[in-house]
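Descriptive structure summary
In case you want the letters, here they are:
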Amino acid sequence: MESRSLTYMKPLESIHQAVRGTDDGPGGEEELVPADAGVEDVCPSEIETVAELLEPFAEDKESVIPALQEIQEEYGYLPRFAMQLVAEHAGTSLAHVYGTASFYSQFYLEPRGEYTIKVCTGTACHVKGADEISAGFRDELDVDLEEVTDDGQFSISHVRCIGACSLAPAVMVGDQVHGNVTEEKITAIVDEYADGQREVGGQ
Amino acid sequence: MTALAELVEDRTVRDRSDLESLEREGLDSLYPGVTKVLVGLSSCGRAAGADDAYEVFQQELADVDEAVVGRTGCLGFCDREPLVEVVEPNGESIVYEGVTEDVARKLADAVARGDLPETGVLAGRLHHEARQHSHDVPLFEEVPFYAAQERIVLRNSGLIDPESLAEYVARGGFFGLHEALTEYEPGEVVEAVQASNLRGRGGGGFPTGDKWSFLAGNDADQKYLICNADEGDPGAYMDRTLLESDPFAVIEGMLIASYATGATQGYVYVRAEYPLAIERLEHAIDTLRSVGLLGTDVLGSGHAFDLEIKKGAGAFVCGEETALMASVESERGMPRPRPPYPPQSGLWAKPTNINNVETWANVPQIVRKGADWFADVGTENSGGTKVFSVTGDVRNTGLVEVPLGTPVETVVFEVGGGTTGGEFKGVQTGGPSGGVVPEEHADTPIDYETLVELGSMMGSGGMIVMDESTCMVDQSRFFLDFCVDESCGKCPPCRYGTKQTLQILEGITNGEGEAGDIDALQSLADTMADTSLCGLGQTAPNPVVSTLEYFEEEYWAHIEDEECPAGDCELGSGTHGKTYKILQEECVGCHQCAKACPVDAIAGEHQEPHSIDPEACIGCGQCAEACPLDIIEVRG
């Protein structure tokens, strides 16, 4: 995993202070925290946060997926140190946790934008021009698929059917579905979320 | 809603009289004696703006004593959303379509005045004891979209509040469970389901009662039930809508099965892409636990059953039962060879029965109305109805429930209202595992066997209508692209076979097809079908095989003539993906290019710059060759 700049990630603010095992933070200069920072790299308070998230789950391998989902809900992706803690909690290896996480398309091992615009590429949306819609969002935000915009606000993903086929083409932001999207509507949809104006559940 | 939730909290439902008192409350809430405005708030409605409409009604009618505002699920006619039904105290109702915020404001005003408009109407219907409609609106059974439908599974959708247990009970809910628990031996319940001819609605079509009998016959100390709500087939959303609109029905089905088979713990494995379905299911489970309809003493019978939600994490292959179980166990969702089958060794190696959402939702009705009634609805081999999500190039998109045995053309032309303009070409059923029912077989009655005979399959219920503008090769390419992404990679026939097939299809749609491609596709398809580990790989070539059978000439047109007859895929964009442009500043208007153009796509006055009509251009490149100044630019 390549190290990446994470300073823009909201939840990462705390990690950023936590890095290198100190609660004081790196001082005036913003230091970058890589997604693959391990438990030894983050401060105790960060570990505590994850430990609290893990508490309700049985100390068993069957908790791995729900625990990862909870962590991703908090961080927007799965930082390495958190996966290590999941492995410890579930009594399994990091390799097993990583193997599980990397199998499923909804787990992200890299940070995401605050909002992920999920462009549906299911059959009905495909037939109704999902490719153009996806290209339109990429143009609008000037990023590629699975990339994060410079301001950390948006990423774009493709998903296989969100079940809004009668409203094709559709996109989903958080838990909100936008139907009958046209290229003209793209700017308006982005503006709706820009600068954290709109609260959304989910990822 | 709030009032009801409080009401349910501190009570238990232990016998028939408790159910009956809930039933009375539900009837009061369904038909409150004043005008009721019901806003359809499932995903489709919300995406179309139903939340805003709901808010408007709440605000505008807050001080109106003669009206209440309620929530409901999906009426199925998704492209007319937001749908709002106004039920008058006498039981007459009008369903309005396209009720966005502005329309809602006007409608709220009309409701407050007690003067319902007769425009913007989808249909009217009669509730409760109403016998005739005094408004000049068509009734549901007169609207083509609903006329051929028979709603068993969707009977409560768009009628009850999906979060109201009382309203569900008022529609007969949990009386089936009560009957099963008090009047039947577990074995008799299994027999009833067998006699009903109910078959798996997830697509496989295995007789549900037989499945149950395998689990019932296993005397292990711990047995599990699973509800498969991992609706991964792109283009299908029946299960999502059902969970959003009538979650209690699905759970009641599972409760009845738990009694019949002796399972004590259940799981609902639901896609994480369905947040609203998860929310309503969670609410339903919490409510049922609090009143004692889930837990150690279900309906006071001593029977124990509890239910837990497991959220999927995005993997199509998890719709396969062994992969699904691996995922519930928090492993990678990879299938394993069968046998052993789940009723022998399933979840955590314990006997397990898996059914799909829609299958479960049928069960309460079978118990309440009898196996014979249910069997009579469908065909000789399969009882009941099937819900389809009809989308694509069709006028009326939405959820459609028709008796099994209904001809494909009835769904497309009567319910669906025909294509959006182009000539009807076929219907894709069964998603990436299915195939095409072409126009010439449109009279085929829908059933598990008939669709398989045509080279397609029932699948979970996606039905994508295609007109002449759909390229069949490209459609296959789309599904193979999907399967390449979703193949779990465990077995080589699927891992390599999907990729190889996709490459050939991409070549054909790019104009690089070769004569041997058709044979290669066929041979790959045979190998994958014979040797793949699970259903995903075995059926992945189906879209190719099916389109080869009915539209082989389309493949050949791509390969031999480098043309897409549908004008759809990259070849069909007419220019082989290339754009030609004459540099205006340098063109001297010699007209050579226009003479060379075989389709007269170039125009321009003598000695004036010429230009190419991109709509007409077929990208043959002859103009560029003819240009003496070499000023025709090629892109792509």
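Please read these numbers as outputs of a predicted model, since none were measured by experiment.

1. Quick look at the overall build of chain B
- Secondary structure summary: chain B contains 25 helices and 18 strands in total.
- Its C-alpha atoms give chain B a radius of gyration of 28 Å, near enough to 26 Å, the size a compact globule of 636 residues would have.
- Overall, the C-alpha framework of chain B stretches about 95 × 65 × 40 Å when taken along its three principal axes.
- Here chain B holds 636 residues, and the buried ones make up 60% of them.
- Within chain B, residue pairs in contact and separated by at least 24 positions form 71% of the contacts whose partners lie at least 6 positions apart.
- Measuring between centres, the 43 positive side-chain charges of chain B sit 6 Å from its 109 negative side-chain charges.

2. Things to note about the pattern of salt bridges
All names here are of chain B.
- All told, the structure shown has 25 salt bridges over all chains when counted by the stated rule.
- For R271, the salt bridge is made with E273, and the minimal N-O distance between the two is 3.3 Å.
- The class for R271 is buried, based on a relative accessible area of 6%.
- The exposure class of E273 is buried, given its relative accessible area of 10%.
- One salt bridge in this structure joins R477 and D474, with 2.8 Å as the shortest N-O distance.

3. Observations concerning the interface of chain A and chain B
- Listed per partner, the contact involves 35 residues of chain A and 47 residues of chain B.
- Interface area lost by chain A to chain B is led by A:F103, A:T123 and A:R160, which between them contribute 23%.
- One can count two salt bridges joining chain A with chain B.
- Between B:D481 and A:R160 there is a salt bridge; the shortest N-O distance is 3.4 Å.
- Across the chain A-chain B interface, the total number found is 18 residue pairs in polar contact (both at pLDDT 80 or more).
- Residue assignment for the side of chain A that touches chain B shows that the elements contributing at least two residues are α3 (64-75), α5 (94-103) and α6 (123-127) of chain A.
- The element contributing the most residues to the side of chain A that touches chain B is α5(A), with five residues.

4. Some thoughts on the side chain of A:T100
- Residue placement: A:T100 occurs in helix α5.
- Relative accessible area serves as the criterion here: at 1%, A:T100 is assigned to the buried category.
- A polar side-chain atom of A:T100 sits 2.8 Å from the main-chain carbonyl oxygen of A:H96.
- Those residues within four positions of A:T100 in sequence are excluded, and the remaining contacts are A:V64, A:I65, B:S330, B:E331 and B:R332.

5. What to know about the packing of aromatic side chains
- What the rule picks out here adds up to 20 aromatic pairs over all chains.
- Ring centres 6.1 Å apart and planes at 85° place the aromatic pair A:Y75 and A:F81 in the edge-to-face group.
- A relative accessible area of 1% places A:Y75 in the buried class.
- Residue class for A:F81 comes out buried when judged on its relative accessible area of 1%.
- Every member of this aromatic cluster is reached through a ring pair, and the members are B:F77, B:F140, B:F145 and B:Y146.
- Its guanidinium or amino end placed over the ring of A:Y108, A:R112 lies 3.6 Å from that ring's centre, counting from NZ or CZ.
- Over the face of the ring belonging to B:F140 we find B:R125, whose NZ or CZ atom lies 5.0 Å from the ring centre.

6. Concerning the confidence of the model for chain B
Residues and elements named next belong to chain B.
- Of the residues in chain B, 97% have a pLDDT of 70 or more, and the chain-wide mean is 93.
- Every residue in residues 1-6 is under pLDDT 50, and counting partners more than four places away or in other chains gives five contacts.
- This complex was scored by the predictor with a pTM of 0.87 and an ipTM of 0.84.

7. Let's talk about the sheet that holds strand β4 (residues 176-178) of chain A
Residue and element names in this part refer to chain A.
- On the basis of which strands lie adjacent, the open sheet formed by four strands has the order β2-β1-β3-β4 and mixed pairing. In this open sheet, the two strands that pair with only one neighbour each are β2 (154-159) and β4. Within this sheet the neighbouring strands show an average axis-to-axis angle of 25°, counted without direction.
- Across three bridges, strand β3 (residues 171-173) lies against β4 in antiparallel orientation. Note that in β4 the partner of M172 across the bridge is V177.
- Sheet strands in contact with helix α7 (residues 130-141) are β1 (115-120), β2 and β3, and its direction is about 155° off that of β1.

8. A few points about the pairing of β2(A)
Residue and element names in this part refer to chain A.
- When you tally the buried positions in β2, you get five out of six residues, the bulk of the element.
- Two strands pair when backbone bridges link them, and β1 and β2 are joined in this way by six bridges, in the parallel orientation. Bridge pairing links V119 to H158 in β2.

9. Section: the nonpolar core
Residues and elements named next belong to chain B.
- In this structure, L165, F174, L177, W212, I251 and L293 are the most contacted members of the largest nonpolar core, which totals 87 residues.
- With ten residues, helix α12 (residues 247-261) is the single largest residue contributor to this core.
- Discounting chain neighbours no more than four positions away, the residues touching F174 are L19, L165, Y168, V169, F248, E252, L255, L288, L293 and L299.

Cut-off values and rules
Residues numbered from 1 in each chain as written. Chains lettered and ligands numbered in written order. Predicted model: local features only at pLDDT ≥ 70, side-chain atom pairs only at ≥ 80, totals over all residues. Heavy atoms only, no water. Helix = DSSP H or I, 4+ residues; strand = E, 2+ residues; numbered from the N terminus. Rg over C-alpha atoms; globule rule 2.2 N^0.38 Å. Buried < 20%, exposed > 50% of the residue type's maximum accessible area, 1.4 Å probe, protein only. Contact = heavy atoms within 4.5 Å. Lys, Arg positive; Asp, Glu negative; His and termini not counted. Charge placed at Lys NZ, Arg CZ, Asp CG, Glu CD. Salt bridge = Lys/Arg side-chain N within 4 Å of Asp/Glu carboxyl O. Buried area = accessible area lost by both parts, 1.4 Å probe. Polar contact = N/O pair within 3.5 Å; in protein donor to acceptor, adjacent residues only side chain to side chain. Phe/Tyr/Trp six-rings, centres within 6.5 Å; stacked < 30°, edge-to-face > 60°. Lys NZ or Arg CZ within 6 Å of the ring centre and 35° of its normal. pLDDT = per-residue confidence, 0-100. Pairing = 2+ DSSP bridges. Axes fitted to C-alpha atoms, helices over the stretch in contact; angles between N-to-C directions. Core = buried A, V, L, I, M, F, W, Y, C linked by side-chain atoms within 4.5 Å.

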